[in-house]
Structures are given as structure tokens and as C-alpha cells.
Amino acid sequence: MICYPNVKINLGLNVLRKRPDSYHDLETLFYPYEGLCDCLEIVTGDDYSHTLASLKDRYGTLSQAISADGKLMITLAGEPTPAWDPLKDLCAKAYFLIAQEHKLPPMKLFLEKRSPVGAGLGGGSADAAFAIRMIDSLASLKLGEKEMVGYAAALGSDCAFFLYNRPMFGSGRGEILEDFPIDISAYRLEVMVPDGISVSTAEAYRGIVPKEPEIPLKEVLRMPVGKWKDLLHNDFEETVFACHPRLKEEKERMYERGAVYASMSGSGSALFALFNKG
């Protein structure tokens, strides 16, 4: 079974307050973007992989690991080769989490990372969410939506969004989701990730001052896109741009090129812009 987990962008991101559990309450609009996708294949038992040979041909060096009980083999590929422990990848964690409550067959997982890491696009969360659905199908678990969302929320704040993969308003840590239909199809969406800049979540939160917005985010999102430039904000931009001035410069260039709206996605470093079509 093969799928292509897509990334997301954030239309507005307000950090509201610090929570007793050390996390922050925030609000944002998650919007799926299919212009960047990873490739994820999961097979059971001794089934043949359709992607392994091509991964070896393309990348040469692969990162592989087998769990202590021998039930999960995971292979990571990308440029550069993923540097983290494959068994700590969110896809592997999804398998282990589900295996705590359900009997799973041995599986082999092959993940080609095409989306950038540390860019605020949620690529790792997308991989995990898609893995949950694939594991459910391959093991014939017939998990309900509520159970899958529970697993996803335990893996990451924005992970559950990718189970729905449609515009959703996120609150709490980002795991509380509600449908929020919004149509930006009249605009051309462009996403770019500057080379050589990766932003960790810890770095993005360092120095941030939580605050309530003057205008509620939902109210701003219901306004015409032409009004977003001065009203729709990502609170992480102030701290991240201070550490990486080039990101601010790239955003300004997007407006110079005629963008109707431009912003950083999530905690960065990805930037996106909406342009009039034509």
C-alpha cells in the first residue's frame, strides 16, 4: 500500500496563553497543500516492496532499523539522508502506539522524505496520520474516527488535522479541530522554503509573548483576502524573523512580486503567498 502524505500551511497563527502543562493555547486555520508530498509505503509480512529498489537507485544511502521484537522494519530515504533514528520516526511511533492496544502483523515501512524538515509544514505529522490509516487498513482493525484521532493527537499537536485533510480551525494545542470552509481557489498559492534555514519549535517559542488578538481569527478569515495583509498574522514571525532576517526579506519580496497576502507557515521556515491568477 502506497500513499503520498501532503503538507499544510497555516492561515493565521495566534499564540494566546501559556498552559499549566507547559504547552501554549493557540488558534490557527490548517489548510492542506498538495504541492509538496512525501511517499509512504507499508507492506505486511514478507510482501514485496514496490519502492525499495527505486529508493536505492535514487539515494544510494538509506537509513534502516528493525524493532527489538522484529515486527517492524522501517526504511527512511531522502536528500539529505534523514539523520534521526528510524525507530523514533513518527510513523514508527504510530505503529508502536497502535500495537499497545491492538494485535498487529509484522510490517515493513518505507518513507521517502520529499517535504522539508523544520519548515513548519507538518510533514512528519502528515506521515504519521497517513500511517495510522494504512495500518488500520492493512491490519483490518476497522478503527473508528475517534480512535484514530486519539492516536494522532498523542503523536503531535497538528497530526490529527491530516486525518481530515481539509480546511480546519485548530485550537487548544492545535488538536481541537472544527470544520471551517474557506475557498482560496481564486488565488495561486505559492510555497517556498529558503535553503539552509531550519527552525525548531523551541527556537520559535523562545521570546514569544502570548496575547489575545484585537480581532478574533475567525472574524479575520471571513474577510476578503485583500484585507488579510494587515490583519492576518502569524505570531511566530516576530521571533523567527529576528533570528533569521532572510525570511523577512523573502516575505517582503513576495509582496514586491505582487502577492495579495504572504506569511510564514507554522513555526517556519516555510513561506507562502497568494497571488491573483492570470
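Please refer to the structure higher up on the page.
Note that the structure is predicted; figures quoted are calculated from it, not measured. (Residues numbered from 1 in each chain as written. Predicted model: local features only at pLDDT ≥ 70, side-chain atom pairs only at ≥ 80, totals over all residues. Heavy atoms only, no water.)

Draft legend 1. Summary view of the overall build of the chain. Scanning the chain from terminus to terminus reveals 10 helices and 12 strands. Looking at the chain as a whole, 54% of its 278 residues are labelled buried. If you take every contact in the chain between residues at least 6 apart in sequence, the share linking residues at least 24 apart comes to 68%. As displayed, the chain offers around 13,200 Å² of accessible surface, 51% of which is attributable to carbon and sulfur atoms. On the chain, the mean spot of the 31 positive side-chain charges and the mean spot of the 38 negative ones are 1 Å from each other. (Helix = DSSP H or I, 4+ residues; strand = E, 2+ residues; numbered from the N terminus. Buried < 20%, exposed > 50% of the residue type's maximum accessible area, 1.4 Å probe, protein only. Contact = heavy atoms within 4.5 Å. Areas by Shrake-Rupley, 256 points an atom, 1.4 Å probe, with all protein chains shown as cover. Lys, Arg positive; Asp, Glu negative; His and termini not counted. Charge placed at Lys NZ, Arg CZ, Asp CG, Glu CD.)

Draft legend 2. Structural detail: the pattern of salt bridges. Following the criterion strictly, the structure yields 16 salt bridges and no others. Here Lys 113 and Asp 38 are joined by a salt bridge, their closest N and O atoms 2.7 Å apart. Remark: Asp 38 occurs in the loop between β3 (24–37) and β4 (39–44) and Lys 113 occurs in strand β7 (residues 107–113); sequence separation between them is 75 residues. Asp 38 shares its class with Lys 113; the two are buried. Where Asp 235 meets Lys 211, a salt bridge forms, and the shortest distance between an N and an O atom there is 3.7 Å. Placement of Asp 235 in the loop between α8 (228–231) and α9 (236–243) and of Lys 211 in the loop between α6 (201–205) and α7 (217–221) is noted, with a sequence separation of 24 residues between them. You can call Asp 235 buried: its relative accessible area is 14%. (Salt bridge = Lys/Arg side-chain N within 4 Å of Asp/Glu carboxyl O.)

Draft legend 3. Local environment of the sheet that holds strand β10 (residues 187–192). Taken in spatial order, the 3 strands make up an open sheet running β10-β12-β11, and their pairing is antiparallel. A strand with exactly one partner marks an edge of an open sheet, and here the two such strands are β10 and β11 (261–264). In this sheet, neighbouring strand axes are inclined to one another by 15° on average, regardless of whether the strands run parallel or antiparallel. Strand direction decides the pairing type here: β10 and strand β12 (residues 271–276), joined by 6 bridges, are antiparallel. Looking at β12, one finds that Glu 190 is bridged to Ala 273. (Pairing = 2+ DSSP bridges. Axes fitted to C-alpha atoms, helices over the stretch in contact; angles between N-to-C directions.)

Draft legend 4. Highlighting helix α2 (residues 90–99). Taken together, the buried positions of α2 are occupied by Cys 91, Ala 92, Ala 94, Tyr 95 and Ile 98. Buried residues of α2, viewed axially, fall in a sector of 155°; they line one side. Summarising the contacts, the buried residues of α2 are in contact with β4, β6 (72–78), β7, α3 (123–138) and α4 (145–155). Its side-chain oxygen 2.9 Å from the backbone nitrogen of Cys 91, Asp 89 forms the N-cap of α2. (Arc of directions from axis to C-beta. Polar contact = N/O pair within 3.5 Å; in protein donor to acceptor, adjacent residues only side chain to side chain.)

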